[in-house]
Amino acid sequence: MAFSDVYSPPTPPPLTKYDVFISFNGKDTRNGFTSHLHSALCRNQIETFIDYRIEKGGEIWEELVQAIRDSSVYLVIFSEHYASSKWCLRELAEIIELTNMVEKGHHHIIPVFYRIEPTHVRKQTGSYYSVFAEYDRNLDYRLVRQWRKALFHAANISGFEYNHHHSRTESDLIEGIVQMIVRKLDQKYTNELRSPFIHDQNYACIESVLINSQDVRTIGIWGMGGIGKTTIAAAIFQEFSPKYEGSCFLANVREESSRHGLNYIFNRLLSELLHEHVHISTPKIVSSAIIRRLRRKKVFIVLDDVNTSELLENLLGVGQDYLGVGSKVIVTTRDKHVLLSRSVDHIHEVTEMNDENSLKLFSLNAFNRTHPPENEYWELSKRALAYARGNPLALKVLGSFLHSRSEKEWDNALTKLKRIPNADIQKVLRLSFNELDDTEKDIFLDIACFFKGEEKEKVIRILNECGFFADIGIRNLLDKALISIATNKSIQMHDLIQEMGHKIVCEESLKNPGKRSRVWHPDEVCDILENDKGSATIETIYLDMTQRTEICISSGAFRKMPKLRLLAFASSSIDYGRKRVDYTLSLPTNLELPNNLRYIQWDRCPLKSLSTTSWPNKLVELSMPYSNVEKLWDGPQSLPSLEEVYLSGSKRMIECPDFSGAPNLKAIWLNQCESLPHVHPSIFSLPKLGFLAVYGCKELKSLSSNNCSTSLEKVVAYGCPNLEEFSIPISKDHSDIHVHLRSTALKQLPSSIVHLQHLVNFSFPISDLLMDLPEKFTNQIMLSDPNNQECDSVATLRRILPSPMFHYLKELKFDGCQSLTELPDNISLLSSLLFIGLHNTNITSFPENIKSLPRLKAVLLCHCERLQHVPALPPSVHDFKVWDCKSLRTVSGSTEQLKKQHGTTFIFLNCVMLDEESYNTILKDAIARMEIKAKSLSATRTENRIEECTVVDDGDGFLSEDNANVGKICYFLPIRGSKLDDLFHNGSSQNSISIQVPLSSNFSGLGLNVTWKQVGVKGPI
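Note that this is a predicted model, so its numbers are computed, not measured.

About the criteria used
- Residues numbered from 1 in each chain as written.
- Predicted model: local features only at pLDDT ≥ 70, side-chain atom pairs only at ≥ 80, totals over all residues.
- Heavy atoms only, no water.
- Axes fitted to C-alpha atoms, helices over the stretch in contact; angles between N-to-C directions.
- Helix = DSSP H or I, 4+ residues; strand = E, 2+ residues; numbered from the N terminus.
- Parallel < 35°, antiparallel > 145°, perpendicular 65-115°, else oblique.
- Left-handed = near helix turned anticlockwise from the far one by under 90°.
- Contact = heavy atoms within 4.5 Å.
- Patch = residues over 30% accessible without salt bridge, like charges linked within 9 Å, V, L, I, M, F, W, Y side chains within 5 Å.
- Areas by Shrake-Rupley, 256 points an atom, 1.4 Å probe, with all protein chains shown as cover.
- Salt bridge = Lys/Arg side-chain N within 4 Å of Asp/Glu carboxyl O.
- Lys, Arg positive; Asp, Glu negative; His and termini not counted.
- Charge placed at Lys NZ, Arg CZ, Asp CG, Glu CD.
- Buried < 20%, exposed > 50% of the residue type's maximum accessible area, 1.4 Å probe, protein only.
- Polar contact = N/O pair within 3.5 Å; in protein donor to acceptor, adjacent residues only side chain to side chain.
- Pairing = 2+ DSSP bridges.
- Phe/Tyr/Trp six-rings, centres within 6.5 Å; stacked < 30°, edge-to-face > 60°.
- Lys NZ or Arg CZ within 6 Å of the ring centre and 35° of its normal.
- pLDDT = per-residue confidence, 0-100.

Asker: Report on the packing of helix α21 (residues 438-451) against helix α22 (residues 456-465), specifying residues and quantitative values.
Answerer: In contact at an axis separation of 12 Å, α21 and α22 are set at 125° when each is read in the N-to-C sense. The pairing of α21 with α22 is recorded here as oblique in orientation. Crossing hand, α21 versus α22: right-handed. The residues of α22 that touch α21, namely those facing Ile-443, Asp-446 and Phe-451, are Val-459, Ile-462 and Leu-463.

Structure follows, in structure tokens:
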């Protein structure tokens, strides 16, 4: 393949034969200072050319010139009689000429003024005066002028001085010279990384910590295998270590300590820091002399791939007790606990490369250029990037492997990866797995083959029942970067790590899937179930039903699987109710499930009844959402370990199961079971029941019982249009609960709740009945349309808002109130109100006196498509979100009475009808808040910094409530031409931007304007 735009890495300096060339006068220093200096250089493995034994003359000069050209550092020892030697002056002239000719940084001159003043050398005075007077009389003036220039040039270079009046000893002088030479040699190869390195956000974060700290600091670099920890540490080391008096990069500490022992590693560390051979018998006993020497040195240390906290403590001591002021230590590890137990100063988790840098790194290895050629290789490269998912090791390995191969070979290799992972990548990743104990390995493999994407607490609960000690096990997997926790609390795993887990399981039996501990491939699962090929080895079965249209389970399919713990027929992990997967199922009459089962998931089960099924009594969770089941079982079932049941969306269910045989049941989901007329009375007698969801059960007529569990925390029964009775005897002492009864047919307030106080949350239709509730009944209430269509919502609200319950209300929400066209003026009576939210209502404007609510902090308006005007809000409001209010035209300013500014989030999404005046008002509001905040910071002279952010939306978008900018000022607006051009002068269309922040104490904040477009994002804020 011939490619243009070929990548050319920075040209490294040429490798020289000698590190150092010493120019000196033998009469002055041969047997003293120079000989000691030469010995010190040799002890530090510095290759040195020194010629004090050769008789000068003949062809020797050509050899010396070649030696000069073959050296990197020139050590010129100026002494009293240095200028008396024409040979020395010829060497010096040659050195100066060479350094002027070659690229800067490839050669260095270090002058040493040994018992002579630099000014005598520079101006040829003192002992040099008479020598040069004779040269002027007897030699060619051009040669003498060249020597004078060489002396002047060399004497103006910073070097070392040694005279009788200096307090330092010759040994101190020699040590200083050696240290400088080491730094010069290290600096010479600073940019010589063995492979292309991309400075991304990971490098920038660590660099920032180093630059901004002058004290002793230990920095941890943590992440999964292959994520680039060592590469980043190496780049940082090469950039920073030359600036320190001593440095050491200990690579592969895990492997080296295992192979050679801890003492070997520790002696290497001390030897490199002290520039001499050190041998101690144990890191626990270090001589005070060595400690004193180390404490005087500012050093830079990298400990790469440390796998135990004991190893780290032995190498660094307790409390960094031998590190000099300003020293820095970088520790790379796959195990975060190593860093936490050592209390390092800063831990940086290495994140995956972004798409741009991933493509660049892959292309450098695959094409020797920064991007693929514009042909078939572009699409093939996208496939490779999708496989690597930002892992630098995978990007490098794949790029190098595919280099110079044909498109057909690329396609074949990438297809092969789906079944046979790359061995080089797997080898690196498996190191972390090998360090797990047996139960941690089981947890890891269960997640890789079954639970990836599931909620963390659910996985812990089920695996604890399997005897795996999942609380600490999950923590260890997190620390070793084998898993991560997403923002929705689900357990995630990098695709490459999951692939490693799959490979480990496949190795249990390469040819026979039925003899593996875990099965997940659809074809293999169906073959096992249909043809009775299971074995006692199988512990988990996961079948993705979206990959199959027909399933047949033999009568004895599960009899051979007594160890089966987890069973899932999963149609989709998301979007239940949207993605319909139809399949046919053939089952034996009496399905026998192994008694060892802890978890059963059967999405969209096509069967009408499972009454003949034998249910395992060790079952912890039963999940059968969106099934066709009408009846689950007959009578009570003995399920002493069952904790949660999910039957959501089973629209044909007509009989609620009897749960009296499940005394440990804690949560029941029967929501959207549209045909269910009642729930079994045993539910409310369950001693540990905390949660019941029956919302959306259209045929549900009553929720009644003579008993109520004292554990009950939440009953969600909204959207049940036929629910006419709610008679659950909730104790007065049991008031800290959620009760949701909005959008129901209840004509009376349930007598069982009117005596309660301090409900966490309550929802109910708009009704005069609410006037009967006591004050402090609840802090939060959500209201829906009245169940009587003839009722006037606005008039009813006007009557009930002055009632006692609303006086202490903190949050008021309206959900789906289509009959609500306005909020009554007496809403201003709600003096305790902190939050007001309206979703899917028909209001056209807010009341003007909303600004008189003294404590209101947040307002949310969502899908109020007739809303046209929002008046000035009270100055206390710092969170105002308007989403999909397409008729909104006018918004009034809210800063007239604002005296103090805290963090603020004002968001207008898909509000495309805002008029120009309102748009300008919002912008002025943003600027005013920034200025008020800046003034308050200046007045208090605080050291805190604030980021001011104006975000512009170009179309439909979504911003999660979790992203609220606490302590910041954030405005999110529809894009409107160039309105912001006068405010923001410096622009960039790159995916990152660097900003030089002023060091002045007058600096109060930073203003940013970000414009982007989000496509296809739907949902409320």
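Asker: Tell me about a positive patch on the surface, and name the residues and values.
Answerer: Taken together, Lys-776, Lys-810, Arg-855 and Lys-857 make up a surface patch of like positive charges. Tracing the chain through its elements places Lys-810 in the loop between α27 (804-807) and β29 (811-815). For Lys-810, a relative accessible area of 30% translates into the label partly exposed.

Asker: With reference to specific residues and values, describe the environment of Trp-410.
Answerer: You can see Trp-410 is positioned in helix α19 (residues 407-416). Separated by 33 residues in sequence, Trp-410 and Tyr-377 have C-alpha atoms that sit 8.4 Å apart. Residues contacting Trp-410, with those up to four places away along its chain left out, are Phe-362, Ala-366, Phe-367, Tyr-377, Leu-380, Ser-381, Leu-402 and Arg-405. Among the polar contacts listed, one links the side chain of Trp-410 to the backbone oxygen of Leu-402, at a separation of 2.8 Å.

Asker: For helix α14 (residues 309-316), give the residues involved together with the corresponding values.
Answerer: Of all the residues in α14, the buried ones are Leu-311, Leu-312, Asn-314, Leu-315 and Leu-316. Contact partners of the buried residues in α14: β6 (217-222), α11 (253-260), α12 (262-274), β8 (299-303), β9 (328-333) and α15 (336-342). In the segment just after α14, Gly-317 is the residue with positive phi, at about 80°.

Asker: So what's going on with the side chain of Lys-480? Which residues, and what values?
Answerer: Along the chain, the position of Lys-480 falls in the loop between α23 (470-479) and β11 (484-485). Judged by relative accessible area, which is 9%, Lys-480 ranks as buried. A distance of 2.9 Å separates a polar atom in the side chain of Lys-480 from a polar atom in the side chain of Asp-335. Non-local contacts of Lys-480, meaning those with residues more than four positions away in its chain, are made with Trp-222, Arg-334, Asp-335, Lys-336, Ser-432, Glu-435 and Leu-436.

Asker: Requested: an account of the sheet that holds strand β4 (residues 108-114), with residues and values cited.
Answerer: Taken together, the 5 strands give an open sheet; going across it, the order is β2-β1-β3-β4-β5, and neighbouring strands pair in parallel fashion. In the strand order of this sheet, the two ends are held by β2 (48-49) and β5 (160-162), each with one partner. In this sheet, β4 lies alongside strand β3 (residues 71-78) in parallel orientation, the contact comprising 6 bridges. By the bridge assignment for β4, Ile-77 is matched with Val-112.

Asker: Describe the sheet that holds β9, naming the residues involved and giving the relevant values.
Answerer: As summarised here, the arrangement of the 5 strands in space is β7-β8-β9-β6-β10, forming an open sheet in which the pairing is parallel. For this open sheet the edge positions go to β7 (246-250) and β10 (346-349), each flanked by a neighbour on one side alone. Going across the sheet, the axis of each strand differs from the next one's by a mean of 10°, ignoring polarity. Summarising the sheet, β8 and β9 pair through 4 bridges and their orientation is parallel. Counterpart to Leu-303 in the pairing with β9 is Val-331. Packed onto the sheet, α12 meets β7 and β8 and runs at close to 150° relative to β7.

Asker: So what about the packing of aromatic side chains? Which residues, and what values?
Answerer: According to the stated counting rule, one finds 33 aromatic pairs in the structure shown. Between Phe-362 and Trp-410, the ring centres sit 5.8 Å apart and the planes meet at 85°, which makes this aromatic pair edge-to-face. Here the residue Phe-362 occupies a position in helix α16 (residues 355-366), and Trp-410 occupies one in helix α19, the gap between them amounting to 48 residues. Comparing Phe-362 with Trp-410, the two get one shared label, buried. Seen from their ring centres, Phe-433 and Phe-444 are 5.5 Å apart, and the 55° between their planes marks the pair as tilted. In this pair, Phe-433 sits in helix α20 (residues 423-434) while Phe-444 sits in helix α21, placing the two residues 11 residues apart along the sequence. Take Phe-433: its relative accessible area is 8%, and that puts it in the buried class. If you follow Arg-742 out to its NZ or CZ, it ends over the ring of Tyr-718, 4.0 Å from the centre.

Asker: I'd like a description of the confidence of the model for the protein, backed by residues and values.
Answerer: The share of residues in the protein with pLDDT of 70 or more is 86%, and the mean pLDDT across the chain is 85. Here strand β36 (residues 946-953) is the element of the protein with the lowest mean pLDDT, 43, and strand β13 (residues 518-519) is the one with the highest, 98. Within the model, pLDDT remains below 50 along residues 941-966, and this stretch shows 79 contacts once partners closer than five positions in the same chain are excluded.

Asker: Could you give an account of the pairing of β6, naming the residues involved and the relevant values?
Answerer: Counting buried positions along β6 gives 5 out of 6 residues, so the element sits mostly inside the fold. The pairing of β6 with β9 spans 6 bridges and is classified as parallel. Directly across from Gly-220, in β9, lies its bridge partner Val-331. Sheet topology places β6 next to β10; 4 bridges connect them, and they run parallel. Within β10, the residue paired with Trp-222 across the bridge is Glu-349.

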